[in-house]
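Chain by chain, the residues:
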Amino acid sequence: MQREMVVLDRLSKRFGPVVAVEEVSFRVGSGEVLGFLGPNGAGKTTTMRMLTGFVPPTSGRASVLGFDVVASPLEVKRRIGYLPEGAPLYGDMTVQGFLRFVAEVRGFSGRERERRVAEAVERTALKEVLPQPIDTLSKGFKRRVGIAQAILHDPPVLVMDEPTDGLDPNQKYEVRRLIRDMAADKAIIISTHILEEVEAVCSRAVIIARGRVVADETPDALRRRSRWHNAVRITLDRQGVERLLEGVRGLAGVAAAEVIRETDGLAEVAVFARNGDDILGAVRARLEALASPVREVTVERGRLDEVFRELTTGRT
Amino acid sequence: MRGIWVVFKRELAAYFATPLAYVFIVIYLALAGALTFYVGGFFERGQADLEPFFVFHPWLYLFLVPAIAMRLWAEERRTGTLELLMTLPLTTGQAVLGKFLAAWVFTGIALALTFPMWLTVEYLGDPDNGVIAAGYLGSWLMAGAFIAIGACASALTKNQVIAFVLGAAASFVFLMSGVDLVLAPLRGLVSPLVLDLVASFSFISHFQLLMKGIVSLSTLVFLVAVMVVGLVVNSLIVELKKVG
């Protein structure tokens with residue numbers, strides 16, 4: 001991790017008797033894209049709202065580039081670009097009017113204001129809808145306007161609450177590309193419950209459940225927790241299945257082997273590795289000895305959705 | 001200052017971005033005119049002054065100003081833009097003041113558009129322009145006080161109708177605090193001193209002085225104080241009730 005830009009230290013939020021966020025701590029450095037994951041209602045939005053100074057924490061601290069969110073909220077807000085959940089916007093304004101408004105609040109005027117707006121418009125491809133009232137835009141355009149206002153001042157810290165929620169696959173791709181493009185010199189936090197997003201853009205993932213952090217590691221490390229990590233998936237003719245199962249079950253490093261799918265004449269067998277050991281070589285040797293046709297052999301990297309479910313519900 | 005100005009510009013433009021501004025101005029001018037001539041007996045009185053015009057202002061403001069103030073915060077809550085606004089580098093005070101000033105200037109524009117009234121008396125006779133100026137000043141200050149109350153009501157809810165009803169009800173209490181309707185239930189419950197205090201909150205008694213051309217310090221202080229207290233309460237409500 002490079003320079004630390006965002007620090008959350010035992011941050012908690014209670015709404016009356018309800019504990020929404022409980023002692024959440026993590027750090028984000030420059031160049032990192034942190035995926036903030038959790039089921040709906042886990043406390044993602046509340047955590048982001050505390051970080052961006054919208055709601056005050058009940059206890060704990062959060063700081064952005066050394067500025068405390070409670071003690072110096074304006075300093076924090078100047079350094080953060082924030083896309084709130086659902087990308088709320090002033091619907092009666094035109095895209096241009098709205099972006100100018102945000103630019104002026106951010107302290108830009110005259111030519112500098114126009115330059116900033118033009119740059120944000122360029123990056124989010126909003127040129128064609130500039131004179132339109134925001135209310136008349138499609139969901140994808142609205143989300144892009146929300147992103148444009150967040151990046152307008154080229155903030156060192158970018159916080160986006162579900163930036164791709166409700167977008168079509170092409171729009172999701174565009175938004176992710178934009179995030180990756182900006183990642184180099186910023187600390188970016190995106191919340192999501194879409195796991196493919198984590199794989200696509202995040203360098204690290206923090207998972208929270210019921211207000212608590214249950215994991216904080218790279219997507220690869222998360223995948224290694226899966227029982228599917230380094231599992232070998234084999235598609236072969238059905239008559240070979242019994243012999244294959246017998247053959248691999250005795251192998252060192254193999255935890256289990258089972259048939260996961262059967263279709264006409266073909267079967268799919270999964271051989272799970274013990275502790276994620278590399279078992280491909282050993283399994284291949286058995287397959288060659290089998291002498292029955294094998295259609296496909298795949299090594300699994302691990303399944304995030306399963307890890308996610310395990311971590312957030314305590315079940316598999 | 002800059003933050004206040006940027007918020008002010010946006011809010012004022014927002015009034016004119018929807019038909020609200022035009023509907024409000026037309027209805028306000030029509031009602032103000034109709035009341036002056038038909039109910040106030042402008043011609044029949046045979047006096048070159050604007051008393052029959054100003055005398056209805058408290059009642060016009062009672063239901064028109066809450067309609068102006070109701071969207072200030074309730075709309076931001078309903079659409080979620082409050083989160084956007086409050087996470088921009090603005091203080092709550094700047095946002096509160098910018099919004100208030102926009103609504104206040106807007107009512108000022110509507111009030112200024114009643115200038116044909118003044119032209120009429122100027123044409124028909126020889127009015128005391130000092131009295132008329134005091135009347136306009138009083139009317140505008142009173143509108144400001146009503147807006148401050150209405151803005152507080154608006155900050156409490158995400159429903160504009162509730163904001164309107166709350167604002168109108170609270171304004172009514174202030175408007176009427178000099179009359180028996182409000183004073184009678186309090187009589188006997190509180191000391192005469194408190195009773196006098198409540199009575200002194202009446203917008204009508206203060207405004208009547210201004211309307212007659214009496215610009216007293218206590219009246220000016222009172223109206224400005226209502227605005228200041230209203231805005232402080234407004235800031236507190238926004239600060240404390242951000243979610244929901």
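See the structure above.
All of the points below concern the structure found in this document. (Residues numbered from 1 in each chain as written. Chains lettered and ligands numbered in written order. Predicted model: local features only at pLDDT ≥ 70, side-chain atom pairs only at ≥ 80, totals over all residues. Heavy atoms only, no water.)

**Structural notes on the layout of surface pockets**
Turning to step 1, where the next piece is worked out: In this structure, the largest pocket occupies an estimated 490 Å³ of space.
Turning to step 2, where the next piece is worked out: Counting only elements with at least two residues in the lining of the largest pocket, the list comes to helix 5 (139-151) of chain A together with helix 1 (2-17) and helix 6 (71-79) of chain B.
Turning to step 3, where the next piece is worked out: At six residues, helix 6 of chain B tops the list of elements feeding residues into the lining of the largest pocket.
Turning to step 4, where the next piece is worked out: Residues that form the lining of the largest pocket fall into these classes: ten nonpolar, six polar and twelve charged. (1 Å grid on protein atoms, 1.4 Å probe; cavity = no way out; pocket = protein on both sides within 12 Å on 5 of 7 lines; lining within 4 Å. Points joined across faces, edges and corners; volume = space filled by probe spheres on them. Helix = DSSP H or I, 4+ residues; strand = E, 2+ residues; numbered from the N terminus. Nonpolar A, V, L, I, M, F, W, Y, C, P; charged D, E, K, R; others polar.)

**Considerations on the sheet that holds strand 1 (residues 4-15) of chain A**
Residues and elements named next belong to chain A.
Turning to step 1, where the next piece is worked out: An order of 2-1-4-5 is seen for the four strands of this open sheet, with the pairing classed as antiparallel. At either margin of the open sheet sits one strand with a lone partner, and together these are strand 2 (18-29) and strand 5 (67-68).
Turning to step 2, where the next piece is worked out: Across eight bridges, the pairing between strand 1 and strand 2 is antiparallel. Paired with Leu11 across the strands is Val24, a residue of strand 2.
Turning to step 3, where the next piece is worked out: Contacting strand 1, strand 2 and strand 4 (59-64), helix 1 (residues 44-51) runs over the sheet at an angle of about 120 degrees to strand 1. (Pairing = 2+ DSSP bridges. Contact = heavy atoms within 4.5 Å. Axes fitted to C-alpha atoms, helices over the stretch in contact; angles between N-to-C directions.)

**Some details on helix 4 (residues 110-124) of chain A**
Since one α-helical turn is 3.6 residues long, residues separated by three or four positions face the same way.
Residues and elements named next belong to chain A.
Turning to step 1, where the next piece is worked out: Helix length check: helix 4, at 15 residues, gives a terminal C-alpha distance of 22 Å against a target of 21 Å (1.5 Å per residue), a fit within 8%.
Turning to step 2, where the next piece is worked out: Taken together, the buried positions of helix 4 are Arg113, Arg116, Val117, Ala120, Val121 and Thr124. Seen along its axis, helix 4 keeps its buried residues to an arc of 130 degrees; they face one direction. Every exposed residue of helix 4 that faces more than 90 degrees away from the buried side is listed here: Arg111 and Glu122.
Turning to step 3, where the next piece is worked out: Considering only its buried residues, helix 4 is in contact with helix 3 (95-105), helix 5 and helix 6 (169-182).
Turning to step 4, where the next piece is worked out: Taken from the residues just after helix 4, Ala125 is the one with a positive phi, measuring 55 degrees. (Expected span 1.5 Å × (residues − 1). Buried < 20%, exposed > 50% of the residue type's maximum accessible area, 1.4 Å probe, protein only. Arc of directions from axis to C-beta.)

**What to know about empty space enclosed by the protein**
It is the rolling of a water-molecule-sized probe over the atoms that shows where space remains empty.
All names here are of chain A.
Turning to step 1, where the next piece is worked out: Evaluation of the coordinates by the stated rule reveals three cavities of 30 Å³ or more.
Turning to step 2, where the next piece is worked out: Put simply, the largest cavity is a space of about 80 Å³.
Turning to step 3, where the next piece is worked out: Lining the largest cavity, in full, are Arg116, Glu119, Ala120, Arg123, Ile151, Leu152, Asp154, Pro155, Met182 and Lys186.
Turning to step 4, where the next piece is worked out: With four residues, helix 4 is the single largest residue contributor to the lining of the largest cavity.
Turning to step 5, where the next piece is worked out: For the lining of the largest cavity, a count of residues per class yields five nonpolar, no polar and five charged.

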